[in-house]
2 protein chains.
Amino acid sequence: MAELHPYVSFTTVRPHRITDLRHGAVSGSDLGMHAPRLTPLAASLPDTVPFVGPETQERAMGQMFAARLGANESGFGPAPAAIAALQAVAGDVWMYGDPEAHDLKSAIAGHHGVSPAHVVVGEGIDALLGLTVRLMIAAGDVAVTSAGAYPTFNFHVAGFGGRLVRVPYRDNHEDPSALLAAARAERARLVYLANPDNPMGSWHPAATITAMVADLPQGALLILDEAYADLAPGDTVPELDADDPRVIRMRSFSKAHGLAGLRVGYALAAPPLARAFDKVRNHFGLGRAAQAAALAALGDHAHLARVQRAVARARARVGAIAAEHGLVALPSATNFVTIDCGRDAAFARHVLAELGQRGVFVRMPGVSPLDRCIRVSLGPDPALDIFAATFGPALRAAAV
Amino acid sequence: MAELHPYVSFTTVRPHRITDLRHGAVSGSDLGMHAPRLTPLAASLPDTVPFVGPETQERAMGQMFAARLGANESGFGPAPAAIAALQAVAGDVWMYGDPEAHDLKSAIAGHHGVSPAHVVVGEGIDALLGLTVRLMIAAGDVAVTSAGAYPTFNFHVAGFGGRLVRVPYRDNHEDPSALLAAARAERARLVYLANPDNPMGSWHPAATITAMVADLPQGALLILDEAYADLAPGDTVPELDADDPRVIRMRSFSKAHGLAGLRVGYALAAPPLARAFDKVRNHFGLGRAAQAAALAALGDHAHLARVQRAVARARARVGAIAAEHGLVALPSATNFVTIDCGRDAAFARHVLAELGQRGVFVRMPGVSPLDRCIRVSLGPDPALDIFAATFGPALRAAAV
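So, here is what we can say about the structure in this document.

About the thresholds
- Residues numbered from 1 in each chain as written.
- Chains lettered and ligands numbered in written order.
- Predicted model: local features only at pLDDT ≥ 70, side-chain atom pairs only at ≥ 80, totals over all residues.
- Helix = DSSP H or I, 4+ residues; strand = E, 2+ residues; numbered from the N terminus.
- Rg over C-alpha atoms; globule rule 2.2 N^0.38 Å.
- Buried ≥ 20, exposed ≤ 12 C-beta atoms within 10 Å, placed from the backbone.
- Contact = placed C-beta atoms within 7 Å.
- Least-squares fit on C-alpha atoms with pLDDT ≥ 70 in both.
- Arc of directions from axis to C-beta.
- Nonpolar A, V, L, I, M, F, W, Y, C, P; charged D, E, K, R; others polar.
- Pairing = 2+ DSSP bridges.
- Core = buried A, V, L, I, M, F, W, Y, C linked by C-beta atoms within 7 Å.
- Axes fitted to C-alpha atoms, helices over the stretch in contact; angles between N-to-C directions.
- Parallel < 35°, antiparallel > 145°, perpendicular 65-115°, else oblique.
- Left-handed = near helix turned anticlockwise from the far one by under 90°.

Side note on the overall build of chain A
And then number 1: When its secondary structure is counted, chain A shows 14 helices and 12 strands.
And then number 2: Over its C-alpha atoms chain A spans a radius of gyration of 21 Å, differing by no more than 12% from the 21 Å that the globule rule assigns to 400 residues.
And then number 3: Taking the principal axes of the C-alpha coordinates as reference, chain A spans close to 50 × 50 × 45 Å.
And then number 4: When the 400 residues of chain A are sorted by exposure, 61% land in the buried category.
And then number 5: The contacts in chain A between residues at least 6 apart in sequence include a share of 73% that link residues at least 24 apart.

Things to note about the relation of the copies chain A and chain B
And then number 1: Each copy superposes on the other: chain A lies on chain B with an RMSD of 0.0 Å after a rotation of 180° and an axial shift of 0.0 Å. Considering both components of the superposition, the chain copies are consistent with a two-fold axis. When C-alpha positions in chain A are compared against the rotation axis, the closest is assigned to Gln87 of chain A, at 2.4 Å.
And then number 2: Of all interface residues in chain A, 100% are interface residues in chain B too; the two copies therefore contact each other through one and the same surface.

Side note on helix α5 (residues 102–112) of chain B
Helical geometry note: an α-helix holds 3.6 residues per turn, so side chains three or four residues apart project in the same direction.
Residues and elements named next belong to chain B.
And then number 1: Taken together, the buried positions of α5 are occupied by Leu104, Lys105 and Ile108. Within α5, the buried residues cover an arc of 95° as seen down the axis, which keeps them to one side.
And then number 2: On its buried face, α5 is in contact with β2 (119–122), β8 (265–268) and α11 (288–299).
And then number 3: Gly113, located one to two residues past α5, shows a positive phi value of around 65°.

Looking at the interface of chain A and chain B
And then number 1: Of the residues lining the interface, 75 residues belong to chain A; the matching set on chain B comes to 75 residues.
And then number 2: Those elements giving two or more residues to the side of chain A that touches chain B turn out to be α2 (40–44), α3 (54–61), α4 (80–89), α6 (124–136), α10 (271–276) and α11 (288–299) of chain A.
And then number 3: Among the elements that line the side of chain A that touches chain B, the one with the most residues is α6 of chain A, at 6 residues.
And then number 4: Looking at the side of chain A that touches chain B, its residues break down into 38 nonpolar, 21 polar and 16 charged.

Some details on the sheet that holds strand β9 (residues 328–329) of chain A
All names here are of chain A.
And then number 1: Strands sit in the order β9-β10-β12 across an open sheet of 3 strands; the sheet is antiparallel. Among the strands making up the open sheet, the edge pair consists of β9 and β12 (373–377).
And then number 2: Strand direction decides the pairing type here: strand β10 (residues 336–340) and β12, joined by 5 bridges, are antiparallel. By the bridge assignment, Phe336 is partnered in β12 with Ser377.

What to know about the nonpolar core
And then number 1: Residues Leu86 and Ala293 of chain A together with Leu86 and Ala293 of chain B are the most contacted members of the largest nonpolar core, which totals 273 residues.
And then number 2: Beyond its immediate stretch of four places on either side in the chain, Ala293 of chain B contacts Ala82, Ala85, Leu86, Leu259 and Leu262 of chain B.

A word on the sheet that holds strand β6 (residues 221–225) of chain A
Pairing between the strands of a sheet is mediated by backbone hydrogen bonds and can be parallel or antiparallel.
Residue and element names in this part refer to chain A.
And then number 1: The 7 strands lie next to each other as β2-β8-β7-β6-β5-β3-β4, forming an open sheet whose pairing is mixed. Edge positions in the sheet fall to β2 (119–122) and β4 (163–167), since each has one partner strand and no second. The sheet shows a mean angle of 20° between the axes of neighbouring strands, taken without regard to direction.

Some thoughts on the pairing of β2 of chain B
Residue and element names in this part refer to chain B.
And then number 1: Both faces of β2 are covered, namely the face carrying Val119 and Val121 and the face carrying Val120 and Gly122.
And then number 2: When β2 meets β8, the two strands line up antiparallel, connected through 4 bridges. Bridging from a neighbouring strand, Val121 pairs with Tyr266 of β8.

Side note on the packing of helix α13 (residues 345–357) of chain A against helix α14 (residues 381–399) of chain A
Residue and element names in this part refer to chain A.
And then number 1: As a packed pair, α13 and α14 sit with axes 8 Å apart at the nearest point and diverge in direction by 130°. As summarised for this structure, α13 and α14 are arranged oblique, according to the angle between their axes. α13 and α14 meet at a crossing whose hand is right-handed. Where α13 approaches α14, its residues Phe347, His350, Val351, Glu354 and Leu355 are matched on the opposing element by Thr390, Ala394, Leu395, Ala397 and Ala398.

A few points about unusual backbone geometry
And then number 1: Residue Asn195 of chain B is joined to Pro196 of chain B through a cis peptide bond whose omega torsion reads 0°.
And then number 2: Tracing the backbone shows Pro196 of chain B in the loop between β5 (190–194) and α9 (206–214).
And then number 3: Here the residue pair Asn198 of chain B and Pro199 of chain B is connected by a cis peptide bond, since its omega of 20° sits within 30 degrees of zero.
And then number 4: Here Pro199 of chain B shows up in the loop between β5 and α9.
And then number 5: Notably, Asn72 of chain A is not glycine yet its phi reads approximately 55°, a positive angle.

Written as structure tokens, this is what we have:
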């Protein structure tokens, strides 16, 4: 990987400019005898990656982070039922998982009151975003997102030769009106919106999303990323017609359910779109262990309720820590809190670096004006104790 | 999924014909208001899938298979060390896996005497094949394989708009000379060869592979699928220059290591090619649990040796069962034995169906002339006992 910023690891990829491809500016055969003979598109892609993992930073530092609060993982852990299911299935992992994930899809369908034909499962939302882009974006097609929103979506749009159009956030929120206007002006095939949002933690009420779907220009598909929906206020998740062909919703077991290390995500879409994923997905990609654990997690309502309460408490605590230092913690509907460090991006990056040197892994948005902030994932008190103890010194060191 | 053949589940996908795409025969906007607006390529892809899982057949039958001998899984189970590692990591799966898979890649590199820069890890060989095709095959580019070889490779070539050229097997072996001739004539970018082969279980000596690499036409990359290498005779795996840009080797934890349900594969390639995967791969796709279990499996040499001995015994036993019925079991360098049923494809399909009705899951090749055979995965004696008891009755029922 060419660009390694140990602390500012919340980088975005440059969108692939399709004009480079069309004019053949970069050709696989120009790269010399020992270079791989990539397609023109692949050869044109940058070497940057959406995220640098904390382990990379730990290896660079020569020590592990004391508080892992950067990747919006759930330090409150997986559901006990999921841990038990994973341990129970361990001896059975010589068998591939069911490529249709019948039991998991049925449970998800029941949970949402839809049919299994509305459900697509995959190796995390990341994989599902990639497949959605692959199905919808040919070279030069437009996808619209917000400047500073999820970098992995941008990575996939670039990766399939799409043209990414970004509109600014508005008051720390993604801006549905601006997204719609851009989609209309650019004849976009995809519009990406996370509700609740990452990295700002903000959210729109369900009615705003419903109105947005109604106003989508013809031919545009809304990717509604609801990775944090389980942690949002009750009026955040819209009731949408499950057969509406204009929207695909994405959900994750990596956040509230605490199964990030197993990679299970799913999408809810009208059956013709859901079925199209079978044309391109890695059919055996969701393994037996991941399916078993996700199924158990979905049924462990008590754990989810515990996590929801713990997240609410931790939000308040991080808010209080920010306030102690005269800073504003943005309201959050997620398992992280974004703190406005009150100055410019260079200062926020400096704070991030100083926290890192004190053993605290956090990330920050990669795009102005969001990059005046740092993003602190919520976790149990021992991790937040470390954050509380180091934030002041880090701020002071960064201010020097 | 449109085509479900409960027993003949070893289907191949039709290769995508790029002429259809260029002339716009199928367009997303022709599909009606409620159809997803797929790219022309995606819209043109067939609804067939590479494999139907045994679970789908079990649901159709209303009961589980008594002997699961169809997917070349390892009934000898995962390594005890891998089971223990999976159980130990269960509580930690709230954390994403290291996206660089540093520890696993280092161990793999050490195992093969290469550097970590030569190693790519992914969600099984299936995912790595897809990424390799994506990096190398633009619309209309040619990939060469053998007629009846691994369907998932064909699925990916079709999926990225490539043109698949297939050459026949020769005496139940993939035919390196024919593959090379086709690659030369068609200016292929990719050539796929599995050594040992699936579905026939045959193999070429290392020297044949080394000569094949030397004779590759310029610009062609050999995908050397060595999923079964751990189970092959000692002279099967060639010593290749790790920096040779003409070949990428694929290995799996799903076969000898018995971790099919965790989805871990890896590729060995010259560093410039290995690095290119970072442009397109699902960076967090290999989860923490999968990495931990694979790392432990790689170190459990005693289990691998046990599996190798058990596979050798089971090969002999399946050979003896075939011989009892006057049939020939083909020599195998894999964890399955392919039995020539001695008649035509219809008869072999009938045998497969009769075995299925008796609770035995096996598969068969999908392409003539290989499809006169059935393919029996090797497993422990209780599973082979069931096969032994049902094969005769199945043959007799099929002969009626």
